[in-house]
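A closer look at the structure
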Amino acid sequence: MKSLYRLSLAGMISVYMSQGALAQPMTTGINLNDGSYQGRVGRELKLQLTAMSDDVVIDIDGRVDEAVWSQLPTFSGMGVVEPETLAPAPYDTRLRVFYNSRGIYMSAEMDQPPETLVRRISARDNRELTRDRLSITLDTSGEGQFGYWVSLALGDNQMDGTILPERQYNSQWDGAWYGATAETATGWSAEYYIPWGQLAMPFREGTREIGFYAERVVAHLNQNYAWPAIAKSDAIFLSNFPLLQLEGVNPRQQWSLFPSVASTYDEIDNAWTHRTGVDLFWRPSSNFQMTATLNPDFGSAEADDVDVNLTASETFFPEKRLFFQEGQEVFNTSARSNGSTGKRFTILNTRRIGGRPRAPQLPTGVGLSARERLQNADLLGAVKATGQAGSFRYGVLAASEDDTRFRGNDGNRYEQSGRDFTAFRLLYEDQGGGAAYRGLGYIGTLVAHSQSDAQVHAVDYKYLTQGGVWNFDGQVVTSDSDQKGQGYGAFTDIIYTPRVGFKHTLNLTYLDDTIDINDFGYQERNNVWEAWYRFEWVKTGLTRVRDIRVNPFLRYEENLDGDRTNNAIPVLSTTITLNNLDRVNLNFQHFPKRYDDLNSFGNGAFATRERTNFSASYSTNAAAAVSYNFGAGRSTEFAGGYSERYDAGITWRPVPNFSMSGGLTYQDRDGWLLHQGGQDFTTFQTDQWETSFKMEYFISARQQLTMGLQWVGIKAEEDRFFILPKDAPTRNRDLVEGAKPPGPTDSFSISNMNFQVRYRWEIAPLSDLFVVYSRAGNQRRTLLNFGDQFTNVWEEPLDSKLVIKLRYRLGT
């Protein structure tokens, strides 16, 4: 029978068994990892917390020295989840929790030899940096449907975000919560305070239940400990959290105003512009919130990575604007929305809002400069509302762009009207009928423009069996555009997890040749059906190495004309973590002959060569003061020839609040195939250099100075020339090599650069001062040496701006 643990946070723990027997009160805490516990406690464990008075005062300084902490029981007995041994953790962690009408308070005392502590200061939400930290995840739905996570790294760095079933973590939420850490004689400690008003929760009368999970990273061992110890490869996660029972928690109304002022100096135009705006946050109850922004300025956002893309497939860039990140989880309709399945298909891609406007209608002979073509639309305002009513969650998003004015090469101004974006989401979720989770949702979007409108409607579903052995996730979609007509598509992802360490995934996709969701969403292509099978095997408890991860897969794809457009037989990816915490990655891929129907840009499908690719890389322990990585790979080009790639990187952290890192990649491509227009193709002998440099200095955990540079230089010399015959047989469309067509050389150089210096001071939670200088360029010219390429793109940028922005939070 199930046990029900009742915790009285007045200082005693009474353990009640379901038979009604009352155990002797204890004050030493509970240990659920005595060797028999293997992370399967989950919902079987319910911990009833007694509320503390609002008069209790906690100084959130990371030192667990207030008297109230000593009165509380402790949660201890973490298990090792990285690697997935689930063995008792070698270092003890003692967690304490209490709550009052204002919020929830948590503390942790973590044993560890002081000389092994790894303290690294970084920007907020940097989860990639290896360092000592402790994360708390709360299932605020109480039913495994959605929740929040907060994390503190030693040195007071905050990280936070949201979680969806079962382990879809993201950082698209920045909450106004408080936390601090401190070093102690026996390790380190942390304190957290999260106001209830920051968390979305369904309305409850009387008793409320929220799931609780804690995970600790011990950097010098490269290990993760967790309570409860749920294996990383376990299919059940969020819906398996132990439940904390609370009485009378229904947060009162919360509101915040975020006035902002921004001044921008454009070095190229030699002009200052000034902009004032305001953001609004309103939560009248625990199950509804609304946010709005008026006349926002996003010039202080982090720069995107440099990207050189000469293919027909669009590059996806993640959202970095805080307004659109927050509350976004309800609009994530499937695991493909965040790319966690290895494929990305999302109905709502908020980067479209305020992105590149539609090209204006120009008179014959009039064109736009590269600088004019790359400008983004200004956003007049946006509003977003999310909430829950019973088993239904919903969300509404609306945004409106200003008209964009372009300067033509004739000196005249040409205007393009802005777009209006609308999205509506409704999701039904419950547990029952043999399911750990089941959901059925609808999402609809509309992009309205004076020239044409585009709308998308989709129904999504998710079903997770008890125990998580089977997981079904999918969507049926239709799009309708004035320009492109109506299209249909569907996909489903099936995951089978027979036991910890083994996972089978099958992705099935069908998209007709007219479906297009890219006005507001993101899809890589249409006109396709595909089956993609992957297997994941994790082996731990080894002696010569710490663990091995093997990920083979098979993939087959055809367009609706019957052309085999993608196939991989077989592909093998292996990651080996050594006992010294260094890592080795090995990859092997074989692609039989197939047809490329995209990169002729509408001029027919052509056959590619049979290709074999392989690569290997080695990286050292990232927790060390100096870490490095290097790798090499070789691949076959589409029309024959080979490409070789070499890369290396190094990171230096001499002190916790300063780091420098750099990377260098060189590619030698013998036969890079590019479309030249019509039926003509050219291969190039190509040299490509990619460099990156980043320096971070933290005056404190709330003040950051960052400098980053990324540059890609390409020198491509024409080599061989091909034609795709228009009357090629259906099953034999090989490119035909021939003489160079009349005209100038096809040889070219590309130089692409991003440079940014960024100062951020977090004056208070969600209140910031930014000073950002950005410089960016993108040039394509005839052949130049690499030194001249960099000099030219630096001296002739497309964008060079200084932004000073102040945003301050006012409210409850």
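Bear in mind that the values here come from a model prediction, so they are computed numbers and not experimental data.

1. Some points on the overall build of the protein chain
Across its full length, the protein chain carries 4 helices and 50 strands. Its C-alpha radius of gyration of 28 Å places the protein chain within 12% of the 28 Å reference for a compact globule of 812 residues. Taking the principal axes of the C-alpha coordinates as reference, the protein chain spans close to 95 × 60 × 55 Å. Within the protein chain, the proportion of its 812 residues that are buried is 53%. Of the contacts made within the protein chain by residues no fewer than 6 positions apart, 62% connect residues no fewer than 24 positions apart. By element, 53% of the accessible surface of the protein chain is carried by carbon and sulfur atoms, the whole surface being about 34100 Å². The positive charge centre, built from 80 side chains, and the negative charge centre, built from 97, are 2 Å apart in the protein chain.

2. Digging into the confidence of the model for the protein chain
Of all residues in the protein chain, 93% have pLDDT values of 70 or greater, and the mean over the chain is 88. Scored below 50 in pLDDT, residues 1-40 shows 84 contacts in the model against residues more than four places distant or in partner chains.

3. Overview of the pairing of strand 25 (residues 413-416)
Residues in a regular strand project their side chains so that they alternate between the two faces of the sheet. Taking every second residue as pointing to the same face, the buried face of strand 25 carries Tyr 414 and Gln 416, while none of Arg 413 and Glu 415 on the other face is buried. In this structure, strand 24 (residues 404-407) lies alongside strand 25, joined through 4 bridges in antiparallel fashion. Within strand 25, the position partnered with Thr 404 by the bridge is Gln 416.

4. Focus on the environment of Tyr 595
Along the polypeptide, Tyr 595 turns up in strand 38 (residues 594-596). Residues Tyr 595 and Phe 606, spaced 11 residues apart in sequence, show a C-alpha to C-alpha distance of 5.3 Å.

5. Some remarks on the packing of aromatic side chains
Scanning all chains against the criterion turns up 40 aromatic pairs. Here the aromatic rings of Trp 652 and Phe 658 are separated by 6.4 Å at their centres, their planes lie at 85°, and the arrangement is edge-to-face. Between Phe 755 and Trp 794, the ring centres sit 5.3 Å apart and the planes meet at 70°, which makes this aromatic pair edge-to-face. Taken as a pair, Phe 755 in strand 47 (residues 748-764) and Trp 794 in helix 4 (residues 786-795) lie far apart in primary sequence, 39 residues in all.

6. Section: the side chain of Glu 215
Looking at the secondary structure, you find Glu 215 in strand 15 (residues 207-218). Polar contacts involving the side chain of Glu 215 include one to the side chain of Lys 232, which spans 2.5 Å. Contact partners of Glu 215, with chain neighbours within four places excluded, come to Met 78, Val 81, Arg 133, Leu 134, Ser 135, Asn 224, Tyr 225, Ala 226 and Lys 232.

7. Re unusual backbone geometry
Most peptide bonds take the trans form, and the phi angle of most residues other than glycine is negative. Backbone torsion omega between Pro 165 and Glu 166 reads -15°, so that peptide bond is classified as cis. Within the secondary structure, Glu 166 is located in the loop between strand 11 (157-164) and strand 12 (168-170). Phi is positive for Asp 156, which is not a glycine, with a value near 80°. Looking at the secondary structure, you find Asp 156 in the loop between strand 10 (147-153) and strand 11. For Asp 156, a relative accessible area of 28% translates into the label partly exposed.

8. Notes on the side chain of Arg 555
The residue Arg 555 is located in strand 35 (residues 553-558) in this model. Arg 555 gets classed as buried once you look at its relative accessible area, which sits at 19%. Here Glu 530 takes part through its side chain, which lies 2.5 Å from a polar atom of the side chain of Arg 555. Ignoring sequence-local partners within four residues, the contact set of Arg 555 consists of Lys 343, Glu 530, Ala 531, Trp 532, Asn 566, Asn 567 and Ala 568.

9. Some details on empty space enclosed by the protein
Counted according to the given criterion, the structure contains 7 cavities of 30 Å³ or more. Trp 173, Phe 281, Arg 283, Gln 289 and Gly 327 are, among the 33 residues lining the second largest cavity, the residues nearest its centre. Listing elements by their share of the lining of the second largest cavity, those giving two or more residues are strand 18 (254-266), strand 19 (271-285), strand 20 (288-294), helix 2 (322-325), strand 22 (379-389) and strand 23 (392-401). For the lining of the second largest cavity, the per-class residue count stands at 15 nonpolar, 10 polar and 8 charged.

10. Section: the pattern of salt bridges
By the definition in use, this model includes 46 salt bridges. Across the pair Lys 694 and Glu 696 runs a salt bridge, and its minimum N-O distance is 3.9 Å. In this structure Lys 694 comes out as partly exposed when scored by relative accessible area, which is 38%. Look at Glu 696 and you get buried, because its relative accessible area is 10%.

11. Quick word on the nonpolar core
Judged by nonpolar contacts, the single largest core of 41 residues is most densely connected at Leu 134, Ile 136, Tyr 192, Trp 196 and Phe 212. When residues of this core are traced back to their parent elements, those giving at least two are strand 7 (93-99), strand 8 (103-111), strand 9 (133-139), strand 10, strand 14 (187-195), strand 15, strand 16 (223-227) and strand 17 (243-247). If we skip the residues at most four places from it in the chain, Ile 136 touches Met 106, Tyr 148, Trp 149, Val 150, Tyr 192, Phe 212, Tyr 213 and Ala 214. Core analysis: the second largest hydrophobic core is formed by 25 residues, Leu 379, Ala 399, Phe 491 and Phe 520 among them.

12. Considerations on helix 4
Turning to helix 4, its buried residues number three or more, namely Phe 786, Gln 789, Asn 792 and Val 793. The buried residues of helix 4 occupy an angular sector of 125° when the element is viewed end-on, so they sit on one face. Turning to helix 4, the residues buried within the fold contact strand 44 (680-700), strand 45 (703-723), strand 47 and strand 48 (767-781). Regarding helix 4, its N-cap is Asn 785, as a side-chain oxygen of that residue lies 3.2 Å from the backbone nitrogen of Gly 787 further along.

13. Remarks on a nonpolar patch on the surface
Nonpolar side chains collect at one region of the surface, where Trp 255, Leu 257, Val 261, Val 278, Leu 280, Trp 282, Leu 294, Trp 761, Ile 763, Leu 806, Tyr 808 and Leu 810 lie side by side and expose about 970 Å² of accessible area between them. When contributions to the nonpolar patch are tallied by element, the ones reaching two or more residues are strand 18, strand 19 and strand 47. Among the structural elements, Val 278 can be located in strand 19.

14. Some points on the environment of Tyr 169
By secondary structure assignment, the location of Tyr 169 is in strand 12. Spatially, the C-alpha atoms of Tyr 169 and Arg 419 are 31 Å apart, while their sequence positions differ by 250 residues. Apart from the residues lying within four places of it in its own chain, the contact partners of Tyr 169 are Arg 127, Thr 137, Trp 149, Thr 162, Ile 163, Tyr 213 and Phe 237. A polar atom in the side chain of Tyr 169 sits 2.8 Å from the side chain of Thr 137.

15. Thoughts on the environment of Val 793
For Val 793, the location among the structural elements is in helix 4. For the pair Val 793 and Asn 778, spaced 15 residues apart in sequence, the C-alpha to C-alpha distance is 6.7 Å. Excluding residues within four positions of it along the chain, Val 793 makes contact with Trp 711, Ser 751, Met 753, Gly 777, Asn 778 and Gln 779.

Rules used throughout
Here the residue numbering is sequential within each chain, running from 1 through the sequence in written order. In keeping with the model being predicted, local features are shown solely for residues with a pLDDT of at least 70 and side-chain atom pairs are shown and tallied solely at 80 or more, while totals for entire chains, interfaces and linings include all residues. Side-chain descriptors were evaluated using all non-hydrogen atoms of the structure, hydrogens and water having been removed beforehand. Runs of H or I in DSSP of at least four residues are treated as helices and runs of E of at least two as strands, each being numbered from the N terminus. Our radius of gyration is a C-alpha quantity, and the globule rule it is checked against amounts to 2.2 Å times the number of residues to the power 0.38. Buried means the residue's accessible area, taken with a 1.4 Å probe over protein chains only, is under 20% of the maximum for its type, while exposed means over 50%, and partly exposed covers the values in between. The contact definition used throughout considers only heavy atoms, calling two residues in contact when any of these lie within 4.5 Å. To measure how exposed things are, a 1.4 Å probe is used in the Shrake-Rupley method; for residues, cover is taken only from the protein chains shown. The convention is simple: Lys and Arg are positive, Asp and Glu are negative, and His and the chain ends are not counted. Each charge is placed at NZ for Lys, CZ for Arg, CG for Asp and CD for Glu. Note on scores: pLDDT gives the predictor's confidence for each residue, bounded by 0 and 100. Only strands joined by at least two bridges in the DSSP assignment are considered to pair. Paired rings are identified among Phe, Tyr and Trp, the last through its six-membered ring, by centres lying within 6.5 Å, and are further divided according to the angle between planes into stacked (under 30 degrees), edge-to-face (over 60) and tilted (the rest). As used in this structure description, the phrase polar contact means that two N or O atoms lie within 3.5 Å; if the pair is within protein, one of them must be able to donate a hydrogen and the other to accept it, and residues adjacent in sequence are counted only when both atoms belong to side chains. Cavities and pockets are found on a 1 Å grid laid over the protein atoms alone: a cavity is a set of points where a 1.4 Å probe fits but cannot escape, a pocket is an open set with protein on both sides within 12 Å along at least five of seven lines, and a lining residue has an atom within 4 Å of such a point. Grid points are joined across faces, edges and corners, and a volume is the space filled by probe spheres set on the points. Classes in brief: Ala, Val, Leu, Ile, Met, Phe, Trp, Tyr, Cys and Pro nonpolar; Asp, Glu, Lys and Arg charged; the others, Gly included, polar. Salt bridges are counted wherever a side-chain nitrogen of Lys or Arg sits within 4 Å of a carboxyl oxygen of Asp or Glu. Residues grouped as a nonpolar core are buried Ala, Val, Leu, Ile, Met, Phe, Trp, Tyr and Cys residues, joined through side-chain atoms within 4.5 Å. For this quantity, the arc is that covered by the directions from the helix axis to the C-beta atoms. Residues forming no salt bridge and having over 30% relative accessible area are the ones grouped into patches, like charges within 9 Å of each other and nonpolar side chains (Val, Leu, Ile, Met, Phe, Trp, Tyr) within 5 Å.

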